[in-house]
Amino acid sequence: MKQSQQTTLRAAVTLTGVGVHSGDEVKLVLHPAEVNHGIAFLRTGLPGCLDRVIDARHLTVTATELCTVIGDRDSGAVATIEHLMAALAGLGIDNVLVEIDGPEVPILDGSSAPFIDAIDQVGLSIQAATRRYLKVLKPVRVTQGKAFAELVPNERTFRLDVEIDFPTPVIGRQRKAIDLSPSVFRRDISRARTFGFMRDVEKLWSAGFALGASLENTVAIGEDGVMNPEGLRYGDEFVRHKILDAIGDLSLAGFPLLGTYRSYCGGHRLNFSVLEALFSSRSNYAIVDGGVRRETGYAEIGNIAMPAFAPEIH
(Lines give C-alpha, C1' and ligand atoms only; values in the text may rest on other atoms or scores of the structure.)
Protein backbone atom coordinates (compact mmCIF):
# COMPACT_ATOMS: atom_id res chain seq x y z
CA MET A 1 0.00 0.00 0.00
CA LYS A 2 1.38 3.42 -0.97
CA GLN A 3 0.57 6.46 1.07
CA SER A 4 1.01 10.19 0.52
CA GLN A 5 -0.33 11.14 3.96
CA GLN A 6 1.71 11.80 7.09
CA THR A 7 2.04 9.02 9.65
CA THR A 8 2.66 8.60 13.35
CA LEU A 9 2.61 5.72 15.85
CA ARG A 10 -0.70 4.27 16.99
CA ALA A 11 0.53 4.08 20.59
CA ALA A 12 3.63 4.71 22.69
CA VAL A 13 6.35 2.07 22.87
CA THR A 14 9.33 1.81 25.26
CA LEU A 15 12.90 0.59 24.77
CA THR A 16 15.75 0.37 27.28
CA GLY A 17 19.46 -0.27 26.90
CA VAL A 18 22.93 1.25 27.21
CA GLY A 19 24.62 3.94 25.17
CA VAL A 20 27.45 2.59 23.04
CA HIS A 21 29.73 5.52 23.91
CA SER A 22 28.54 6.59 27.37
CA GLY A 23 27.83 3.11 28.71
CA ASP A 24 24.88 4.65 30.59
CA GLU A 25 21.54 2.88 31.04
CA VAL A 26 18.75 4.78 29.31
CA LYS A 27 15.00 4.53 28.84
CA LEU A 28 13.48 5.73 25.59
CA VAL A 29 9.76 6.11 24.81
CA LEU A 30 8.45 6.73 21.30
CA HIS A 31 5.19 8.72 21.51
CA PRO A 32 2.64 9.48 18.78
CA ALA A 33 2.67 13.12 17.67
CA GLU A 34 0.31 15.44 15.82
CA VAL A 35 0.56 16.36 12.14
CA ASN A 36 3.50 18.56 11.09
CA HIS A 37 5.22 17.87 14.42
CA GLY A 38 8.18 16.12 12.82
CA ILE A 39 10.65 14.21 14.96
CA ALA A 40 11.66 15.82 18.26
CA PHE A 41 13.43 14.58 21.38
CA LEU A 42 12.16 15.31 24.90
CA ARG A 43 15.29 15.13 27.04
CA THR A 44 14.44 14.38 30.66
CA GLY A 45 16.59 13.55 33.69
CA LEU A 46 18.48 16.85 33.48
CA PRO A 47 19.82 18.72 36.53
CA GLY A 48 17.11 20.69 38.32
CA CYS A 49 14.43 18.38 36.86
CA LEU A 50 14.26 20.59 33.79
CA ASP A 51 13.13 18.95 30.56
CA ARG A 52 14.17 20.14 27.13
CA VAL A 53 12.66 19.57 23.68
CA ILE A 54 15.24 19.30 20.89
CA ASP A 55 14.07 19.21 17.29
CA ALA A 56 15.78 16.56 15.18
CA ARG A 57 17.02 19.02 12.56
CA HIS A 58 20.41 19.84 11.12
CA LEU A 59 20.35 23.21 12.92
CA THR A 60 20.47 21.46 16.32
CA VAL A 61 23.49 19.26 15.50
CA THR A 62 26.44 20.06 17.78
CA ALA A 63 28.84 17.14 17.20
CA THR A 64 29.54 14.50 14.54
CA GLU A 65 32.57 12.67 15.93
CA LEU A 66 31.80 8.92 15.76
CA CYS A 67 28.07 9.66 16.16
CA THR A 68 25.54 12.44 15.59
CA VAL A 69 24.64 14.65 18.58
CA ILE A 70 21.82 17.18 18.85
CA GLY A 71 21.52 19.76 21.61
CA ASP A 72 24.39 20.82 23.86
CA ARG A 73 25.95 19.59 27.09
CA ASP A 74 25.04 22.66 29.12
CA SER A 75 21.29 22.58 28.51
CA GLY A 76 20.83 18.96 27.43
CA ALA A 77 21.92 16.84 24.49
CA VAL A 78 21.14 13.49 22.90
CA ALA A 79 23.89 11.49 21.18
CA THR A 80 23.92 8.58 18.72
CA ILE A 81 20.51 9.39 17.27
CA GLU A 82 21.30 8.06 13.78
CA HIS A 83 20.07 4.44 14.10
CA LEU A 84 16.71 5.51 15.52
CA MET A 85 16.38 8.30 12.98
CA ALA A 86 17.16 5.82 10.21
CA ALA A 87 14.41 3.49 11.43
CA LEU A 88 11.85 6.31 11.46
CA ALA A 89 12.89 7.60 8.04
CA GLY A 90 13.23 4.11 6.59
CA LEU A 91 9.67 3.22 7.58
CA GLY A 92 8.30 6.57 6.40
CA ILE A 93 7.25 7.87 9.84
CA ASP A 94 6.73 11.63 9.94
CA ASN A 95 5.69 12.59 13.47
CA VAL A 96 7.12 11.20 16.73
CA LEU A 97 8.10 12.59 20.12
CA VAL A 98 11.11 10.69 21.49
CA GLU A 99 11.22 10.88 25.29
CA ILE A 100 14.65 9.94 26.62
CA ASP A 101 16.02 10.12 30.18
CA GLY A 102 19.73 9.93 29.37
CA PRO A 103 22.39 11.49 27.16
CA GLU A 104 22.48 8.83 24.45
CA VAL A 105 20.03 6.70 22.46
CA PRO A 106 20.52 3.03 23.44
CA ILE A 107 22.65 1.10 20.98
CA LEU A 108 20.61 -2.14 21.39
CA ASP A 109 22.10 -4.55 18.81
CA GLY A 110 23.95 -1.84 16.85
CA SER A 111 21.42 -1.62 14.02
CA SER A 112 17.94 -0.19 13.39
CA ALA A 113 16.21 -3.58 13.65
CA PRO A 114 15.23 -3.37 17.36
CA PHE A 115 13.56 0.01 16.77
CA ILE A 116 11.59 -1.51 13.89
CA ASP A 117 10.56 -4.44 16.08
CA ALA A 118 9.29 -2.02 18.73
CA ILE A 119 7.37 0.05 16.18
CA ASP A 120 5.82 -3.12 14.75
CA GLN A 121 4.34 -3.83 18.19
CA VAL A 122 2.07 -0.79 17.93
CA GLY A 123 1.84 -0.09 14.19
CA LEU A 124 1.31 3.22 12.44
CA SER A 125 -1.61 5.58 12.05
CA ILE A 126 -2.22 7.48 8.83
CA GLN A 127 -2.91 11.15 9.55
CA ALA A 128 -5.15 13.72 7.89
CA ALA A 129 -2.35 15.81 6.43
CA THR A 130 -0.33 15.54 3.25
CA ARG A 131 3.30 14.46 3.57
CA ARG A 132 5.81 17.12 2.53
CA TYR A 133 9.15 16.45 0.85
CA LEU A 134 12.40 18.33 0.47
CA LYS A 135 13.20 18.30 -3.22
CA VAL A 136 16.83 18.81 -4.26
CA LEU A 137 16.92 21.37 -7.10
CA LYS A 138 20.67 21.88 -7.60
CA PRO A 139 23.71 19.67 -7.00
CA VAL A 140 25.68 20.33 -3.81
CA ARG A 141 28.97 18.64 -2.95
CA VAL A 142 31.39 18.65 -0.01
CA THR A 143 34.85 17.08 0.20
CA GLN A 144 37.28 16.11 2.94
CA GLY A 145 40.56 14.87 1.52
CA LYS A 146 39.73 11.95 -0.78
CA ALA A 147 36.23 11.61 0.72
CA PHE A 148 33.17 13.35 -0.67
CA ALA A 149 29.41 13.54 -0.30
CA GLU A 150 26.90 15.10 -2.67
CA LEU A 151 23.19 15.56 -3.24
CA VAL A 152 21.84 15.86 -6.78
CA PRO A 153 18.28 16.19 -8.12
CA ASN A 154 16.08 13.12 -8.48
CA GLU A 155 12.42 13.71 -9.38
CA ARG A 156 11.13 10.31 -8.33
CA THR A 157 12.69 9.01 -5.13
CA PHE A 158 15.46 9.19 -2.53
CA ARG A 159 18.39 7.18 -3.84
CA LEU A 160 21.59 6.47 -1.89
CA ASP A 161 24.79 5.39 -3.63
CA VAL A 162 27.51 4.79 -1.05
CA GLU A 163 31.07 3.53 -1.45
CA ILE A 164 33.63 2.78 1.27
CA ASP A 165 37.29 1.84 1.00
CA PHE A 166 39.16 0.58 4.07
CA PRO A 167 42.80 -0.55 3.90
CA THR A 168 42.03 -3.98 5.33
CA PRO A 169 41.00 -7.15 3.50
CA VAL A 170 38.23 -7.67 6.07
CA ILE A 171 36.36 -4.72 4.51
CA GLY A 172 38.23 -3.43 1.46
CA ARG A 173 36.22 -1.55 -1.15
CA GLN A 174 32.44 -1.93 -1.07
CA ARG A 175 29.69 -0.07 -2.91
CA LYS A 176 25.92 -0.31 -2.77
CA ALA A 177 23.01 1.74 -4.12
CA ILE A 178 19.36 1.61 -3.09
CA ASP A 179 16.13 3.48 -3.74
CA LEU A 180 14.79 3.99 -0.23
CA SER A 181 11.43 2.44 0.63
CA PRO A 182 10.18 0.67 3.76
CA SER A 183 10.51 -2.75 2.14
CA VAL A 184 14.06 -2.11 0.92
CA PHE A 185 15.08 -0.62 4.26
CA ARG A 186 13.73 -3.56 6.23
CA ARG A 187 15.23 -6.20 3.98
CA ASP A 188 18.54 -4.73 2.90
CA ILE A 189 19.65 -2.10 5.44
CA SER A 190 17.96 -2.22 8.83
CA ARG A 191 19.93 -5.14 10.30
CA ALA A 192 23.40 -3.82 9.39
CA ARG A 193 25.34 -3.15 12.60
CA THR A 194 27.83 -0.51 13.60
CA PHE A 195 31.46 -1.63 13.40
CA GLY A 196 34.85 -0.78 14.81
CA PHE A 197 38.48 -1.90 14.88
CA MET A 198 39.92 -3.63 17.93
CA ARG A 199 43.18 -1.71 17.43
CA ASP A 200 41.31 1.53 18.19
CA VAL A 201 39.64 0.39 21.42
CA GLU A 202 42.10 1.77 23.96
CA LYS A 203 42.30 5.11 22.16
CA LEU A 204 38.50 5.36 22.09
CA TRP A 205 38.20 4.47 25.78
CA SER A 206 40.73 7.11 26.76
CA ALA A 207 38.75 9.69 24.77
CA GLY A 208 35.50 8.70 26.48
CA PHE A 209 34.01 6.75 23.57
CA ALA A 210 32.86 3.13 23.13
CA LEU A 211 32.38 2.60 26.87
CA GLY A 212 29.25 0.53 26.18
CA ALA A 213 30.52 -1.32 23.11
CA SER A 214 30.54 -5.11 23.07
CA LEU A 215 30.21 -8.01 20.67
CA GLU A 216 26.47 -7.83 21.37
CA ASN A 217 26.14 -4.45 19.67
CA THR A 218 29.21 -3.90 17.47
CA VAL A 219 30.93 -5.78 14.67
CA ALA A 220 34.49 -5.99 16.00
CA ILE A 221 37.24 -6.19 13.38
CA GLY A 222 40.51 -7.81 14.38
CA GLU A 223 43.73 -8.32 12.46
CA ASP A 224 42.51 -11.50 10.79
CA GLY A 225 38.77 -11.03 10.50
CA VAL A 226 35.48 -10.38 12.25
CA MET A 227 35.61 -11.37 15.92
CA ASN A 228 31.85 -11.81 16.47
CA PRO A 229 31.10 -15.55 16.76
CA GLU A 230 27.99 -15.27 14.56
CA GLY A 231 29.88 -13.50 11.76
CA LEU A 232 28.24 -10.95 9.47
CA ARG A 233 24.54 -10.52 8.80
CA TYR A 234 25.20 -9.47 5.20
CA GLY A 235 28.30 -10.16 3.12
CA ASP A 236 28.72 -6.40 2.71
CA GLU A 237 27.33 -5.38 6.10
CA PHE A 238 29.87 -2.55 6.44
CA VAL A 239 28.69 -0.49 3.47
CA ARG A 240 25.07 -1.24 4.34
CA HIS A 241 25.62 0.22 7.79
CA LYS A 242 27.12 3.33 6.21
CA ILE A 243 23.91 3.65 4.19
CA LEU A 244 21.90 3.22 7.40
CA ASP A 245 23.88 6.02 9.06
CA ALA A 246 23.40 8.26 6.04
CA ILE A 247 19.63 7.71 6.06
CA GLY A 248 19.52 8.69 9.73
CA ASP A 249 21.78 11.71 9.38
CA LEU A 250 20.10 13.03 6.23
CA SER A 251 16.66 12.73 7.83
CA LEU A 252 17.76 15.78 9.83
CA ALA A 253 16.73 17.75 6.75
CA GLY A 254 13.34 17.67 8.47
CA PHE A 255 11.46 16.20 5.52
CA PRO A 256 11.82 13.06 3.39
CA LEU A 257 14.27 13.80 0.58
CA LEU A 258 13.67 13.70 -3.14
CA GLY A 259 17.19 13.47 -4.50
CA THR A 260 20.20 11.23 -4.96
CA TYR A 261 22.89 11.06 -2.30
CA ARG A 262 26.35 9.83 -3.27
CA SER A 263 29.35 9.44 -1.02
CA TYR A 264 32.84 7.99 -1.02
CA CYS A 265 34.47 7.21 2.33
CA GLY A 266 31.84 9.33 4.03
CA GLY A 267 30.61 9.48 7.61
CA HIS A 268 28.61 11.61 10.03
CA ARG A 269 30.68 14.74 9.44
CA LEU A 270 30.23 14.65 5.66
CA ASN A 271 26.55 13.74 5.95
CA PHE A 272 26.00 16.81 8.11
CA SER A 273 28.19 18.99 5.89
CA VAL A 274 26.22 18.13 2.76
CA LEU A 275 23.02 19.19 4.53
CA GLU A 276 24.68 22.47 5.47
CA ALA A 277 25.63 22.94 1.83
CA LEU A 278 22.09 22.15 0.71
CA PHE A 279 20.55 24.69 3.10
CA SER A 280 23.16 27.36 2.36
CA SER A 281 20.98 28.70 -0.46
CA ARG A 282 17.19 28.67 -0.80
CA SER A 283 17.69 28.06 -4.52
CA ASN A 284 19.11 24.58 -3.80
CA TYR A 285 15.84 23.03 -2.65
CA ALA A 286 12.07 23.32 -2.44
CA ILE A 287 9.50 21.99 0.02
CA VAL A 288 6.78 20.21 -1.94
CA ASP A 289 3.61 18.37 -1.00
CA GLY A 290 3.29 14.64 -1.55
CA GLY A 291 3.18 14.58 -5.31
CA VAL A 292 5.32 11.42 -5.17
CA ARG A 293 3.57 8.60 -3.39
CA ARG A 294 5.67 6.56 -0.98
CA GLU A 295 5.10 3.36 0.99
CA THR A 296 4.41 3.73 4.69
CA GLY A 297 5.29 0.13 5.43
CA TYR A 298 1.89 -0.43 7.03
CA ALA A 299 -1.66 -1.01 5.86
CA GLU A 300 -4.67 -0.04 7.95
CA ILE A 301 -7.45 -2.61 8.05
CA GLY A 302 -10.50 -1.31 9.84
CA ASN A 303 -9.23 0.14 13.09
CA ILE A 304 -6.05 -1.95 13.21
CA ALA A 305 -2.68 -0.99 11.76
CA MET A 306 -0.79 -4.01 10.46
CA PRO A 307 2.64 -4.44 8.91
CA ALA A 308 2.31 -4.57 5.13
CA PHE A 309 5.24 -7.00 4.98
CA ALA A 310 7.30 -8.96 7.43
CA PRO A 311 11.04 -8.51 8.01
CA GLU A 312 13.15 -10.74 5.82
CA ILE A 313 16.11 -12.49 7.40
CA HIS A 314 19.35 -12.84 5.41
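One structure accompanies this document, and this report is about it. The model shown is predicted, which means the values in this text are computed figures rather than measured ones. (Residues numbered from 1 in each chain as written. Predicted model: local features only at pLDDT ≥ 70, side-chain atom pairs only at ≥ 80, totals over all residues. Heavy atoms only, no water.)

### Examining the overall build of the protein
Item 1. Within the protein one finds six helices and 23 strands.
Item 2. Relative to the compact-globule value of 20 Å for 314 residues, the protein shows a C-alpha radius of gyration of 18 Å, a close match.
Item 3. The C-alpha extent of the protein, read off along each of the three principal axes, is 55 × 45 × 40 Å.
Item 4. For the protein, the proportion of its 314 residues judged to be buried stands at 57%. (Helix = DSSP H or I, 4+ residues; strand = E, 2+ residues; numbered from the N terminus. Rg over C-alpha atoms; globule rule 2.2 N^0.38 Å. Buried < 20%, exposed > 50% of the residue type's maximum accessible area, 1.4 Å probe, protein only.)

### Observations regarding empty space enclosed by the protein
Item 1. Enumeration according to the criterion identifies two cavities of 30 Å³ or more in this entry.
Item 2. The calculated volume of the largest cavity comes to roughly 60 Å³.
Item 3. Contributing elements (two or more residues each) for the lining of the largest cavity: β15 (158-165), α5 (237-250) and β19 (257-264).
Item 4. When residues in the lining of the largest cavity are grouped by element, the largest group, three residues, is from α5. (1 Å grid on protein atoms, 1.4 Å probe; cavity = no way out; pocket = protein on both sides within 12 Å on 5 of 7 lines; lining within 4 Å. Points joined across faces, edges and corners; volume = space filled by probe spheres on them.)

### Thoughts on the pattern of salt bridges
Item 1. Tallying each qualifying case throughout the model produces 14 salt bridges.
Item 2. D188 is paired through a salt bridge with R187; the nearest N and O atoms lie 3.0 Å apart.
Item 3. If you follow the salt bridges from partner to partner, you end up with R141, E150 and R262 in one network. (Salt bridge = Lys/Arg side-chain N within 4 Å of Asp/Glu carboxyl O.)

### So, the sheet that holds strand β4 (residues 25-32)
Item 1. An order of β3-β4-β10-β5-β6 is seen for the five strands of this open sheet, with the pairing classed as mixed. What marks the edges here is a single partner per strand, and that holds for β3 (13-18) and β6 (52-55). Looking at each pair of strands side by side, their axes are set apart by 25° on average, direction ignored.
Item 2. Pairing geometry for β3 and β4, over six bridges, is antiparallel. Bridge pairing links L15 to L28 in β4.
Item 3. Helix α1 (residues 82-90) contacts β4, β5 (39-43) and β10 (96-100) of the sheet and is inclined by roughly 145° relative to β5. (Pairing = 2+ DSSP bridges. Axes fitted to C-alpha atoms, helices over the stretch in contact; angles between N-to-C directions. Contact = heavy atoms within 4.5 Å.)

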